[in-house]
Amino acid sequence: VRAMFINENQYIGIGTNAPASILDINSTSGSIINTRYTTTNNLSSNLVLQKSKNATNLGNGAVTDGEVIGRLVWKSNNGSGYNLNSSSEIRAEQVGNASASNNGSRLVFATTPLGNTTFQDRMTIVDNGNVGIGTTAPVSKLEVNGASTNTSAFNAAASTSIDYTKSNLAYTTASPGAFTVTGMKDG
């Protein structure tokens, strides 16, 4: 295997003579990309994914609402080849039509359940910063569609006073009767 190979489609292979995409890297070392960036200002290493709707390379064309801007995709090998669908992915989607005054976007995190071949959206961070788990349109800072648990609940012991400023999940071992509840929020 040559160190680098360019085929007739102008696909570049590093560690492979049969590149299957524009850049195809084959490594058995475990680390494929290692970026380093040194400077005196506050910049850092970047991996930049850009999308244009123009058919020509490097041309300008506005991305429209709902389109995928970029994706990080993980695929597993099933013994006969790599699965066609993503096993997991993080993708950025355009919110509203892109323009000089609109860079609106959302991030979607997806995984594939055991015994399935199609990934499912699990968590979404929308353009206003709201986070949805089990929903793609959260209306508050955190919205969970389904059951949720809190591993660090406030234990009021045998007290009849429960303070929800200590945790959003609180309990007492006191017998049922009159209780004082503080720190609950409206809504």
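Located above this text is the structure these notes cover.
In this report, the structure presented in the accompanying data block is examined. Being a predicted model, the structure only gives us computed values, none of them experimental.

## A few points about a nonpolar patch on the surface
There is a patch of nonpolar side chains on the surface, built from Met 4, Ile 6, Ile 14, Ile 22, Leu 23, Ile 25, Ile 32 and Ile 33 and spanning about 780 Å² of accessible area. Within the residue set of the nonpolar patch, elements represented by two or more residues are strand E1 (4–6) and strand E3 (23–25). Mapped onto the secondary structure, Ile 25 falls in strand E3.

## Topic: the sheet that holds E1
Read from one edge of the open sheet, three strands run E1-E2-E3, paired in mixed fashion. The outermost strands of the open sheet, each flanked by one partner alone, are E1 and E3. Pairs of neighbouring strands in the sheet enclose a mean axial angle of 15 degrees, with direction left out of account. As paired elements, E1 and strand E2 (residues 12–14) share three bridges and run antiparallel to each other. Bridge assignment links Ile 6 to a residue of E2, and that residue is Ile 12.

## Notes on the sheet that holds strand E8 (residues 131–133)
On the basis of which strands lie adjacent, the open sheet formed by six strands has the order E4-E5-E6-E7-E8-E9 and mixed pairing. Looking at strand neighbours, the two that pair on one side only are strand E4 (68–74) and strand E9 (142–144), the edges of this open sheet. Pairs of neighbouring strands in the sheet enclose a mean axial angle of 20 degrees, with direction left out of account. As paired elements, E4 and strand E5 (residues 88–94) share six bridges and run antiparallel to each other. Within the sheet, the bridge partner assigned to Val 73 lies in E5 and is Glu 89.

## Notes on the pattern of salt bridges
Oppositely charged side chains are able to pair whenever their charged atoms sit close together. The tally for this structure, following the rule as stated, stands at seven salt bridges. One salt bridge connects Glu 89 with Arg 91, and the closest N-O pair in it is separated by 2.8 Å. By relative accessible area, Arg 91 is classed as buried at 10%. Each of the salt bridges in this network shares a partner with another, and the network as a whole consists of Arg 71, Glu 89, Arg 91, Glu 93, Arg 106 and Asp 121.

## What about unusual backbone geometry?
A negative phi holds for most residues other than glycine; trans holds for most peptide bonds. The phi torsion at Gln 10 lies on the positive side, around 65 degrees, for a residue other than glycine. With respect to the element layout, Gln 10 can be found in the loop between E1 and E2.

## What about the environment of Glu 89?
Topologically, Glu 89 is positioned in strand E5. With 21 residues separating them in the primary sequence, Glu 89 and Val 68 have C-alpha atoms 12 Å apart. Leaving out residues up to four positions away in the same chain, Glu 89 has contacts with Arg 71, Leu 72, Val 73, Trp 74, Val 108, Phe 109, Ala 110 and Phe 119. Within the local environment of Glu 89, its side chain forms a polar contact with the side chain of Arg 71, the two groups lying 3.2 Å apart.

Conventions and cut-offs
Residues numbered from 1 in each chain as written. Predicted model: local features only at pLDDT ≥ 70, side-chain atom pairs only at ≥ 80, totals over all residues. Heavy atoms only, no water. Patch = residues over 30% accessible without salt bridge, like charges linked within 9 Å, V, L, I, M, F, W, Y side chains within 5 Å. Areas by Shrake-Rupley, 256 points an atom, 1.4 Å probe, with all protein chains shown as cover. Salt bridge = Lys/Arg side-chain N within 4 Å of Asp/Glu carboxyl O. Helix = DSSP H or I, 4+ residues; strand = E, 2+ residues; numbered from the N terminus. Pairing = 2+ DSSP bridges. Axes fitted to C-alpha atoms, helices over the stretch in contact; angles between N-to-C directions. Buried < 20%, exposed > 50% of the residue type's maximum accessible area, 1.4 Å probe, protein only. Contact = heavy atoms within 4.5 Å. Polar contact = N/O pair within 3.5 Å; in protein donor to acceptor, adjacent residues only side chain to side chain.

The values reported here are purely geometric and, on their own, carry no functional implication.
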